[in-house]
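Structure assessment
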Amino acid sequence: MHTVALRLKPQQDLRAELDQFVCQQGWEAACVVTCVGSLTEARLRLAGQSEATVYTGKFEIVSLTGVMSKYGSHYHIALADRSGQVWGGHLLTGCLIYTTAEIVIGVLPHLCFQREYDAATGFKELRIDTIE
C-alpha cells in the first residue's frame with residue numbers, strides 16, 4: 001500500500017470530490033486511512049432508511065471510512081455537532097466542507113474493487129479481485 005494526501009476546501013462536496021479524485025487517478029482499489037475536517041451540510045443515509053437525512057450547521061468530521069474504486073465507492077461518516085452529539089451513516093453527495101477536509105488515502109495496487117448487485121441485500125456490494 002502507498003498513501004496519498006488530499007485537502008478539500010470550503011464548499012467542496014466531500015463525496016463528489018473523493019469519487020472524482022479516485023476516477024482521475026484511475027485507482028481500482030483504495031481506502032480512506034483517516035480524515036479530519038468539518039462540514040456545514042451533511043446528507044446521510046441512516047441505517048435501515050432509503051432516503052437521505054439532511055443536517056445543516058457546523059459539524060466536525062470525527063470519522064470517515066471507505067472502500068474506494070473507479071468502479072464505485074462506499075463511505076460511512078460520523079459527525080459531531082457543537083454539543084458533541086454524533087450522527088453517522090452512509091455518506092451521500094451534498095456534504096459541503098466548512099473549513100477543510102484533510103484526507104489520507106491508502107492505494108492498494110494488487111487489488112481491484114468492483115461493485116455487483118447482490119440479490120440477498122438489494123445493493124451493489126463489494127467484489128474483491130487480486131491483480132498479479
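Not measured: the values here are computed from a predicted model.

Turning our eyes to something else, we now look at the overall build of the chain. Along its length, the chain carries one helix and eight strands. In summary, the chain has a C-alpha radius of gyration of 15 Å against a globular reference of 14 Å for 132 residues, a match within 12%. Expressed as lengths along the three principal axes of its C-alpha atoms, the size of the chain is roughly 50 × 35 × 20 Å. Nonlocal contacts in the chain, meaning residues at least 24 apart in sequence, comprise 62% of its contacts between residues at least 6 apart. Each charge class in the chain was averaged separately, 11 positive and 14 negative side chains, and the resulting centres sit 5 Å apart.

Going through the model one piece at a time under the given rule, you end up with zero disulfides. Among the cysteines around cysteine 35, which has no disulfide bond, cysteine 95 carries the closest sulfur, lying 11 Å off. The cysteine cysteine 112 is free of any disulfide, with cysteine 23 supplying the nearest cysteine sulfur at 13 Å. Since its relative accessible area comes to 6%, cysteine 112 is described here as buried.

Right, let's get into the pairing of strand S5 (residues 86-91). As paired strands, strand S2 (residues 30-45) and S5 are joined by two bridges and run antiparallel to one another. Following the sheet pairing, arginine 45 is matched in S5 by histidine 90. Here five bridges tie strand S4 (residues 74-80) to S5, and the two strands are oriented antiparallel to one another. Note that in S5 the partner of isoleucine 77 across the bridge is glycine 89. The hairpin turn running from S4 into S5, its antiparallel successor, is five residues long, and glycine 84 in that turn takes a positive phi close to 95°.

Once that is clear, we can look at the packing of aromatic side chains. To describe a pair of aromatic rings, you give the distance between the ring centres and the angle between the ring planes. A full pass over the atoms with the stated rule returns four aromatic pairs. Ring centres of tyrosine 55 and tryptophan 87 lie 4.9 Å apart, and the angle between their planes is 40°; on these two criteria the pair is classed as tilted. Taken as a pair, tyrosine 55 in strand S3 (residues 53-68) and tryptophan 87 in strand S5 lie far apart in primary sequence, 32 residues in all. Residue classification places tryptophan 87 among the partly exposed positions, given a relative accessible area of 21%. Through a chain of ring-to-ring contacts, three or more aromatic side chains come together here, namely Tyr55, Phe59 and Trp87.

In this section: the UniProt feature "domain: PPC" (unreviewed entry) in the chain. In this structure's numbering, the residues bearing the UniProt feature "domain: PPC" (unreviewed entry) are residues 1-129. Helix and strand shares over residues 1-129 are 9% and 61% respectively, and the end C-alpha atoms of the span are 16 Å apart.

Where S2 meets S3, nine bridges bridge the pair, whose relative direction is antiparallel. Its bridge partner being in S3, glutamate 41 is matched across the sheet by threonine 56. Where S2 lies against strand S6 (residues 96-107), nine bridges are found, and the strand directions are antiparallel. What sits directly across from alanine 30, in S6, is valine 107.

On to the pattern of salt bridges, then. Note that side chains of opposite charge can pair when their charged atoms are close. The full count for this structure, using the stated rule, is four salt bridges. In this structure, aspartate 19 engages arginine 15 in a salt bridge whose closest nitrogen and oxygen atoms are separated by 2.8 Å. One end of the pair, aspartate 19, and the other, arginine 15, are both in helix H1 (residues 14-25), four residues apart, so they sit about a helical turn from each other. Owing to a relative accessible area of 12%, arginine 15 belongs among the buried residues under this scheme. We note a salt bridge from arginine 127 to aspartate 129, for which the minimum N-O separation is 2.7 Å. Arginine 127 sits in the partly exposed class, given a relative accessible area of 32%. Under the relative-accessibility criterion, aspartate 129 is labelled partly exposed at 27%. Salt bridges sharing partners connect three or more residues here, namely Glu116, Arg127 and Asp129.

Rules behind the numbers
- Residues numbered from 1 in each chain as written.
- Predicted model: local features only at pLDDT ≥ 70, side-chain atom pairs only at ≥ 80, totals over all residues.
- Heavy atoms only, no water.
- Helix = DSSP H or I, 4+ residues; strand = E, 2+ residues; numbered from the N terminus.
- Rg over C-alpha atoms; globule rule 2.2 N^0.38 Å.
- Contact = heavy atoms within 4.5 Å.
- Lys, Arg positive; Asp, Glu negative; His and termini not counted.
- Charge placed at Lys NZ, Arg CZ, Asp CG, Glu CD.
- Disulfide = S-S within 2.5 Å.
- Buried < 20%, exposed > 50% of the residue type's maximum accessible area, 1.4 Å probe, protein only.
- Pairing = 2+ DSSP bridges.
- Phe/Tyr/Trp six-rings, centres within 6.5 Å; stacked < 30°, edge-to-face > 60°.
- UniProt positions renumbered as here; feature names shortened; annotations may be inferred.
- Salt bridge = Lys/Arg side-chain N within 4 Å of Asp/Glu carboxyl O.

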